[in-house]
Structures are given as structure tokens and as C-alpha cells.
Amino acid sequence: MLNALHPIPAPADWRTDVAVPILKNLLRLTAPNPGVMTGPGTNSYLVGEPDTGFIVIDPGPADADHLQRLFDCAQTPDGRGGNIRMIVCTHSHPDHAPGAKPLQALCANALRAAQPARDFNVPEIMGLPSAPTARAGSSFIPDRSLAHGELLTLGAGPEVPQHTLRVIHTPGHAANHLCLMMVEDGLLFSGDHVLNGSTTVVDPPDGNMADYIASLDLLDAQCCAHGVQFILPAHGHVLVDAIGAIRHLKAHRLKREAKIEAVMRADPDGSLDTWLPLAYDDVDPRIWPVARRSLLAHVERIQMLQRQEARGKST
Ligand SMILES: [Zn+2]
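Residues numbered from 1 in each chain as written. Predicted model: local features only at pLDDT ≥ 70, side-chain atom pairs only at ≥ 80, totals over all residues.

## Some points on the sheet that holds strand E11 (residues 187-191)
Working step 1: A sheet is described by the order of its strands in space; here five strands give the open sequence E8-E9-E10-E11-E12, paired in mixed fashion. Since the sheet does not close on itself, it has two edges, and those belong to strand E8 (151-154) and strand E12 (230-233), each with one partner. Ignoring which end each strand starts from, the neighbouring axes of this sheet average 25° apart.
Working step 2: Bridging between strand E9 (residues 163-169) and strand E10 (residues 178-182) involves five bridges; their strand directions are antiparallel. Residue pairing in the sheet places Val167 in a bridge with Leu180 of E10. (Pairing = 2+ DSSP bridges. Helix = DSSP H or I, 4+ residues; strand = E, 2+ residues; numbered from the N terminus. Axes fitted to C-alpha atoms, helices over the stretch in contact; angles between N-to-C directions.)

Structure (C-alpha cells):
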């Protein structure tokens, strides 16, 4: 079913200067923004081929060189760049979405200057608008809002292969987070919901742990239903066992939550600050400021479940 040109996982070295081909119809270009929170950098993906045009997933930060490379990689059959039909942002965080508008502007300039004129329009920026809970640097309004279950299709002609992305709304890491399933090839673009090599931050109020875990269950069901084998995260390498990775992640979260619940039970009058060193005693203290946000998210979910349990007992 998979038409791999290169074996998955793709080459281990991180290249920000060239696109790494993953499939015949899939390129990965990593932005030059490595860091504690971004791992080797944000992975931008290009779905499509010259005959169909391309969908850019997560253009990344507004880095001019990176955006120019994305533009150049999306080639027309006659070798010109800018063959971009849609720009999709998995969510509005600053390492994912700010490149969308300048990339769109590059495309618009090229289309205006093209001789002969090209037979496609300026690509729309798609995704979900940021919720009011988003931090100031994460506000985002797409040209077009995507609906859960919507299909984005490239290549409809009789001689042209078709590439389809199915939109899956997955709140949790961010309220406006979505994942995209590449239907013909059994792949899931997971954005920041599932990562490889780092842990997804769930930062309330835009992040929500109950939503995060419910979205993992949804992804599990969708991957089972559609035979998805591989996950392509926004940070890190391809994950080769999609369902195993999702279940491992959920088990890891619930194990942490059980530990937090035990700490809270032992010190019911405590606070985030007193619970943190006990609940995350296995984690490098330098990570604690970030872990504190996830602790809050777990505490919110634990308290929500306790309220539900109390309501169940009283009825
Ligand atoms: Zn993010």
C-alpha cells in the first residue's frame, strides 16, 4: 500500500537546508529553529507532487530562508517553484503558523509575475482559529476554517494520482489543534499532539488534559479504522507503529496522573508548588517550570473526574 521511495524512518541526520524525501509524494523540510521545546526544529511537510501541486503542512516560524526553500521545493512539472495549493497549520503556536502569511505572499508574487499565467490560485491558509484562551503570540485566523472530518484533495484528473488529507480535530495541546491523515498512504500528521523524542506540553487554559486524552482515544480509533501505520510528528522522526505509540503515550500520561493523584491524596492541603517536586521527582528540575503547567492540567482533570464521581454517587 505504501509507495515508499525511501524506507521509513527517513535518514537520521537533521537537514534544514534540503528537503528529505519520505515518500514519492511527501517531503519533509525541517525549520532551523532547534531548541528545548522544538527538538531538532519544526518539521514542515509537503504533500503532493508536481502534477498535483502541494499542500504545505505547518510552514513553521516566519524564517525567510526556510519559507523560500519550501516555495522552491514545491515544483511545477516544468521545474518552477511555488506549486502550492493549500497551506495548513496544525495549530497556532509560534513555531508552526507565523510562516503561513509570508509563504502565501511569496506564492501570490510568483503567480502575479508568472508568464504564461498559471492555472491555479493563491493558496488559502487553512486551520482552526485560535480560541480566546490562546496566548498572545499564538493568535491565528485562517482564511478558511477546516471542519472535523473534512477531506482536502489534490489531483482530481483521470491521469493524475489523488492525494487526500482527512482533518481530525484534536484539542488538548492547543484548543485549535488538528491532525491530518494522509488517506491513500496510511500516515498521520500529528502536529504537536504526538511527538517523537520530546513530551507534548499541555498548558492550561488553552491546553486541556481531559481533551488531550480524549483526542488520543480518537486518534487511536481513526488509525485502527483506516489502517494508519506511521505517524509524522511536527518535531522528531517518523514513528513506525502508530497505534502502539498512541497507546504508549496514553499509558504514560495515566501513569503520571496516578502518581499526581497519590501525591495529592497524601497532601490534600498542598499546592502545585508542594506537589511538583514529588510528582516529578524523576524529572530534571530544569524541566519543572514546564512540568508545572502539565501538573496543573492533570490536577484539573483529576478534579473534574472527582466531581463526576461525586455527582454519580449522589444520584
Ligand atoms: Zn505547539
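## Concerning the sheet that holds strand E5 (residues 84-88)
Working step 1: The strand order across the open sheet formed by seven strands is E1-E2-E3-E4-E5-E6-E7, and the pairing between neighbours is mixed. The strands lining the two open edges of the sheet, one partner per strand, are strand E1 (20-23) and strand E7 (144-145).
Working step 2: The pairing of strand E6 (residues 124-127) with E7 spans two bridges and is parallel. If you follow Gly127 over to E7, its bridge partner there is Ser145.

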